[in-house]
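# Close look at the chain arrangement
Here's the letter readout for the chains.
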Amino acid sequence: PDSPVPDYYSFVRAYDEGDIENAVRISHEKLEKRVSELSVEMQSNYYFILADMSFENDDYEAAVGYYALAAKENPENPDIYRDYAIALARSGDTASAEKILEKAIALGLEKDGIYMADGEIAFMNGDMESAVSELKNGIELTHNDILKRNAYLLCSRAYQQDKNEESISEDISLLEKALLDLPAEMTMQVREYLAQAYIDLGETSGKTEYYANAVSVLDDMKGFGRSDYRTEMNIAVLLDRLGDTKRCKNVLKEMAENPDYEPYYFTIWLRLAYCEADIQSELDASERDYSKFEKYYLAAEAAYSNYTSDGNSDPEMERLRETKEEMKKMGWIK
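Below you will find a few notes about this structure. None of these values were measured; they are calculated from a predicted model. (Residues numbered from 1 in each chain as written. Predicted model: local features only at pLDDT ≥ 70, side-chain atom pairs only at ≥ 80, totals over all residues. Heavy atoms only, no water.)

### What about the nonpolar core?
Going by this rule: Only buried residues count toward a nonpolar core. Its members are Ala, Val, Leu, Ile, Met, Phe, Trp, Tyr and Cys residues joined through side-chain atoms within 4.5 Å. In this scheme, a residue with accessible area under 20% of its type's maximum is buried, one over 50% is exposed, and one in between is partly exposed, where area comes from a 1.4 Å probe on protein chains only. Each helix is a run of H or I in the DSSP string that is no shorter than four residues. Each strand is a run of E no shorter than two, and both are numbered from the N terminus. Contact between two residues is taken to exist if any of their heavy atoms lie within 4.5 Å; hydrogens are not considered.
By size, the foremost hydrophobic cluster in this structure holds 110 residues, and its most contacted members are Phe-11, Leu-252, Ile-268, Phe-293 and Leu-320. Per-element accounting of this core gives the leading share, 11 residues, to helix 15 (residues 265-281). Contacts of Leu-252, omitting those with residues within four sequence positions, involve Met-233, Ala-236, Ile-268, Arg-271, Leu-272 and Cys-275.

### Brief notes about helix 8 (residues 128-141)
Stated formally: Expected helix span is computed as 1.5 Å times (number of residues minus one). Comment: arc refers to directions from the helix axis out to C-beta atoms.
Between its first and last C-alpha, helix 8 extends 20 Å over 14 residues, near the 20 Å set by a 1.5 Å rise per residue. Taken residue by residue, helix 8 has Ala-131, Val-132, Leu-135, Gly-138 and Ile-139 as its buried positions. Looking straight down helix 8, one finds its buried side chains confined to an arc of 135°; they lie on one side. Away from its buried face, by an angle of more than 90 degrees, helix 8 presents the exposed residues Glu-129 and Glu-140. Residues of helix 8 that are buried make contact with helix 7 (111-124), helix 9 (145-159) and helix 10 (165-181).

### Comments concerning empty space enclosed by the protein
Selection rule: Cavities and pockets were defined on a 1 Å grid built from protein atoms only: a cavity is a group of points that admits a 1.4 Å probe but offers it no way out, a pocket is an open group of points flanked by protein on both sides within 12 Å along at least five of seven lines, and a lining residue is one with an atom within 4 Å of any such point. Grid points are joined across faces, edges and corners, and a volume is the space filled by probe spheres set on the points. Three categories are distinguished: nonpolar for Ala, Val, Leu, Ile, Met, Phe, Trp, Tyr, Cys and Pro, charged for Asp, Glu, Lys and Arg, and polar for the others, with Gly belonging to the last.
This model, assessed by the stated rule, comprises 1 cavity of 30 Å³ or more. Lining the largest cavity, in full, are Tyr-159, Gln-160, Asp-162, Lys-163, Ser-167, Ile-168, Asp-171, Ala-197 and Asp-200. Residue assignment for the lining of the largest cavity shows that the elements contributing at least two residues are helix 10 and helix 11 (188-205). The element best represented in the lining of the largest cavity is helix 10, accounting for 3 residues. The residue inventory of the lining of the largest cavity, partitioned by class, reads 3 nonpolar, 2 polar and 4 charged.

### Section: the packing of helix 6 (residues 94-106) against helix 7
To keep it simple, the criterion reads: Angles shown run from 0 to 180 degrees and are taken between the N-to-C directions of axes, each axis being a line fitted to C-alpha atoms and, for helices, limited to the stretch in contact. An angle counts as roughly parallel when it lies under 35 degrees, as roughly antiparallel when it exceeds 145, as roughly perpendicular when it falls between 65 and 115, and as oblique in every other case.
It is at 10 Å that the axes of helix 6 and helix 7 come closest, and there the two elements cross at 170°. The orientation of helix 6 relative to helix 7 falls into the category roughly antiparallel. Contacts from Thr-94, Ala-97, Glu-98, Leu-101 and Ile-105 in helix 6 reach Ile-114, Ala-117, Asp-118, Ile-121 and Met-124 in helix 7. Taken together, the residues that form the contact of helix 6 with helix 7 break down as 7 nonpolar, 1 polar and 2 charged.

### Examining helix 7
The end-to-end C-alpha distance of helix 7 is 20 Å, a good match for the 20 Å that 14 residues give at a rise of 1.5 Å each. For helix 7, the buried fraction is high: 11 of the 14 residues fall into the buried class. Those residues of helix 7 that fall on the buried side of the exposure criterion are Asp-112, Gly-113, Ile-114, Tyr-115, Met-116, Ala-117, Gly-119, Glu-120, Ile-121, Ala-122 and Phe-123. For helix 7, the elements touching its buried residues are helix 5 (78-90), helix 6, helix 8 and helix 9. Once helix 7 ends, the next one or two residues include Gly-126, with phi positive near 85°.

What follows is the structure, given as structure tokens:
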């Protein structure tokens, strides 16, 4: 039979180009059963990539298994043991992580890798102060962008354990530094964390300008082509809190026309109805026109009947119905 080596190179290329779906397909269809025909170095690298993909997918137990196989084929590489130790820590087995880290150090692991692994272990052991200190040391030293990004995100999660103003402000400073420090294509999760930190600071401090900062970060995410339901709904909710009802309405109307968001149409129409009610309440009583509110309300009711057919319910709908009844009593709608 043909050699699996060309398939191995296709697999590595797909992984390097970020085409994870294709890398997984090649692994599954072409390489899985023929790994033993590859050179020892290729075998180790194959398992290392599978481990890395599992880790990125938050499947730490699978990652641990693949790192163990990669280390078995290439037992002199300290970087494999470093990532193996980090995956063990993430899976909750900090005792084994410490043992594997010792092996990595004995093999000459660079200082940045030691800090990163120690930070992961400290985080999983609940020692947030040490975790932040170790991870920040690692960030300062490392030239490995993946290690650096993971350290920034974990350090942020350590700050998030305390929901006080000081901790959230430190988290924001860290994440803003990460945006400048990392390649743009690696900052998407950093932006998600940063938007949430601004929202948290707005809620904790009572200062609405932080919501505007969050909107700005979420708008950036849309600009990078990362636009999903949650991002756009967050933008709409924050604009509503900021009193920018006109832009809130525009965002929601665009969402209501997006076929990908069909499962969420009920929530979108409900928000639109509330937003329209707010817009009208800002006008003089003589100028108010609730016909659009009524239109959005009926669309919410129609979408709600689909939503409840799966056994779901939502108290927000009851509130909207009460709002509509009040408007009827006031004679604003028929």
